[in-house]
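Report on the structure
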Amino acid sequence: MAPSRLTRVPDTQSIPTSTPDETTLAEVELTLLGVGDPHVSVPLPDEDAEHARTAGSVVVTDREGAPVATLRVAADIGRTSDGLTRLTGIVEPVPTRDQPTGPYAALRRDPAEVDLPEPLAVVGHDPVDGATLEAVTAQAGRAVLFVVLDGPRAVPGPALPDVARSALRLRDRLRAGGRRCEVVVVPAPQYGDERDSTLADRVAAAYGGTAVVAERDADRDALRRWLDGAADAPADQPEESFDAWRRWRPLPAGRGAVLLFTGLSGSGKSTVARAVTDRIAELGDREVTLLDGDVVRRNLSAGLGFSRADRDRNIERIGFVAAEIARHGGLAVCAPIAPFAATRERVRQMVEAGGADFLLIHVATPLAECERRDRKGLYARARAGEIPDFTGISSPYETPDDADLVLDTSAITVEDARDTVLDMLTRAGRLAGHRDGDDDGAA
Ligand SMILES: Nc1ncnc2c1ncn2[C@@H]1O[C@H](COP(=O)(O)OS(=O)(=O)O)[C@@H](OP(=O)(O)O)[C@H]1O
Ligand SMILES: Nc1ncnc2c1ncn2[C@@H]1O[C@H](COP(=O)(O)OP(=O)(O)O)[C@@H](O)[C@H]1O
């Protein structure tokens, strides 16, 4: 009988498995490619670390649980700030590793598969900037290797397929000019500090080349202003790179956004969020989805309670879905209590990683008014001690200090609150003038 996928991995069955964070996974993958020191350090939850020490090794698995590498544990080098145990050792490939998948998987070629004599290597997560391309152009006789790094980014930017496509277009341009040129995709994290240039040197050396160093830094501020629609395109970017940047972050009229309404129960989040969503749908120039707190808790977050951990999980799920909607250019309107600043901040980061905008709307209706409304009778029950961990009574609400808009619905009508939000969106160019024509179907 032909061996099935499961029976092909007996050597990994007796040793524990663990899926580390994305950065560590990318570091492990890079090491497997033969780049740098085969020793890596892997942060693991205590229980996994204990098993790994006892067994002498741990199978590192990817997000889907597929084995990536075996770490032969050499030493325990302490704890990380978030309470994980850091083990070091040598990583070895697992014999059963699946073929790479994902966009441009064919570009994941290791150094033995790339035949270029001492290439100039352009290594990074971003589309190639003008200063770097100039440096490449200046050294005419050399072959060129574009190394697109694929892994978690410290500084948000375009997704791998767009960066790889722009590198392929540049490759074709250089080839048309008589240069030898190839593109490879290599797994590696971006740290956002000096480790990035060390890593670039190591990757370049692994492919037998040297990393290109531009004489001047790319003007990131000018690029950002152009992306935001506040300035003309900077002169120093190749056209091929512009396309990748703009696909990541469209102009406001087509750019996704997450509107997170936060506030106490009964503050008016759902009422205003619904009114805003309905009006955007009527206007018809944007795709809009409402993720209401109560509704989400009945489906996406069914079974979760109101402990801090469960609330965080709830908000992260909402954030994940909303960030996906926004990444594809939609508007996601969310109305959970979202009482914790750190969790709101994580959602902001998820959204901004996709090139979209995160807008925080604090529905700051005072507790006394929310309690007076007590639409569902929950405050009375919370005061009577029947509902533990009730926000504003026995569980904290961390007032935002980074809100884009603050609404107190004890002082304004639903319609005024709705129009204040729509005005904000219109002024920023996200909506084509909600007051024009005011066609709301009313007689
Ligand atoms: N302990 C406790 N604390 C706060 N709220 C409670 C609680 N138990 C039930 N409810 C009802 O659940 C709604 C809040 O759910 P959320 O998903 O918005 O909360 S959170 O963001 O996860 O904190 C909230 O609905 P809204 O009134 O729409 O905010 C309440 O009706
Ligand atoms: N100006 C206002 N804006 C929003 N809601 C208001 C306003 N005035 C009174 N309300 C009432 O307050 C309640 C708010 O409930 P809801 O929107 O479900 O709040 P939340 O989603 O924050 O719990 C509703 O019954 C709504 O009719």
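No experiment lies behind these values; they were computed from the predicted model shown.

Thresholds applied
Residues numbered from 1 in each chain as written. Chains lettered and ligands numbered in written order. Predicted model: local features only at pLDDT ≥ 70, side-chain atom pairs only at ≥ 80, totals over all residues. Heavy atoms only, no water. Pairing = 2+ DSSP bridges. Helix = DSSP H or I, 4+ residues; strand = E, 2+ residues; numbered from the N terminus. Contact = heavy atoms within 4.5 Å. Axes fitted to C-alpha atoms, helices over the stretch in contact; angles between N-to-C directions. Buried < 20%, exposed > 50% of the residue type's maximum accessible area, 1.4 Å probe, protein only. UniProt positions renumbered as here; feature names shortened; annotations may be inferred. Near = heavy atom within 4 Å. Polar contact = N/O pair within 3.5 Å; in protein donor to acceptor, adjacent residues only side chain to side chain. Areas by Shrake-Rupley, 256 points an atom, 1.4 Å probe, with all protein chains shown as cover. pLDDT = per-residue confidence, 0-100.

1. Here we look at the sheet that holds strand E6 (residues 120-124)
- In spatial order, the strands read E8-E7-E6-E9; together these four strands make up an open sheet with parallel pairing. With partners counted over all chains shown, the strands left at the sheet margins are strand E8 (181-187) and strand E9 (210-211), one partner each.
- Here E6 pairs with strand E7 (residues 144-150) via five bridges, running parallel. Bridge pairing in E7 places Val123 opposite Val147.
- The strands touched by helix H4 (residues 160-176) within the sheet are E7 and E8, with E7 carrying the most contacts at an inclination of about 175°.

2. Notes on helix H7 (residues 239-248)
- Counting buried positions over the 10 residues of H7 gives seven, a clear majority of the element.
- In this structure, the buried residues of H7 make contact with H4, helix H6 (220-227) and helix H11 (341-353).

3. Some points on the UniProt feature "binding site: ATP" (unreviewed entry) in the chain
- In this numbering, the UniProt entry assigns the feature "binding site: ATP" (unreviewed entry) to Gly263, Leu264, Ser265, Gly266, Ser267, Gly268, Lys269 and Ser270.
- With respect to the helices and strands, Gly263 occurs in the loop between strand E10 (257-262) and helix H8 (269-283).
- Its relative accessible area of 0% is what places Gly263 among the buried residues.
- Setting aside its immediate chain neighbours within four residues, Gly263 contacts Lys269, Pro336, Ile337, His362, Val363 and Tyr397.
- Mapped onto the elements, Ser265 comes out in the loop between E10 and H8.
- Ignoring any residue separated from it by four or fewer positions in sequence, one finds Ser265 in contact with Ile337, Cys370, Tyr379 and Phe390.

4. Describing the site of ligand 2
- What surrounds ligand 2 is a group of 15 residues, the closest being Gly266, Ser270, Thr271, Arg375 and Ile412.
- Between Lys269 and ligand 2, the recorded distance is 2.8 Å, taken from a side-chain N or O atom to an oxygen atom.
- Between an oxygen atom of ligand 2 and a side-chain N or O atom of Ser270, the distance comes to 2.6 Å.
- The protein chains hide 79% of the 560 Å² of surface that ligand 2 would expose on its own.

5. Some details on the confidence of the model for the chain
- Averaged over the chain, the pLDDT score is 92; the fraction of residues at 70 or greater is 94%.
- Between residues 1-12, whose pLDDT stays under 50, and residues either more than four places distant or in other chains, the model counts eight contacts.

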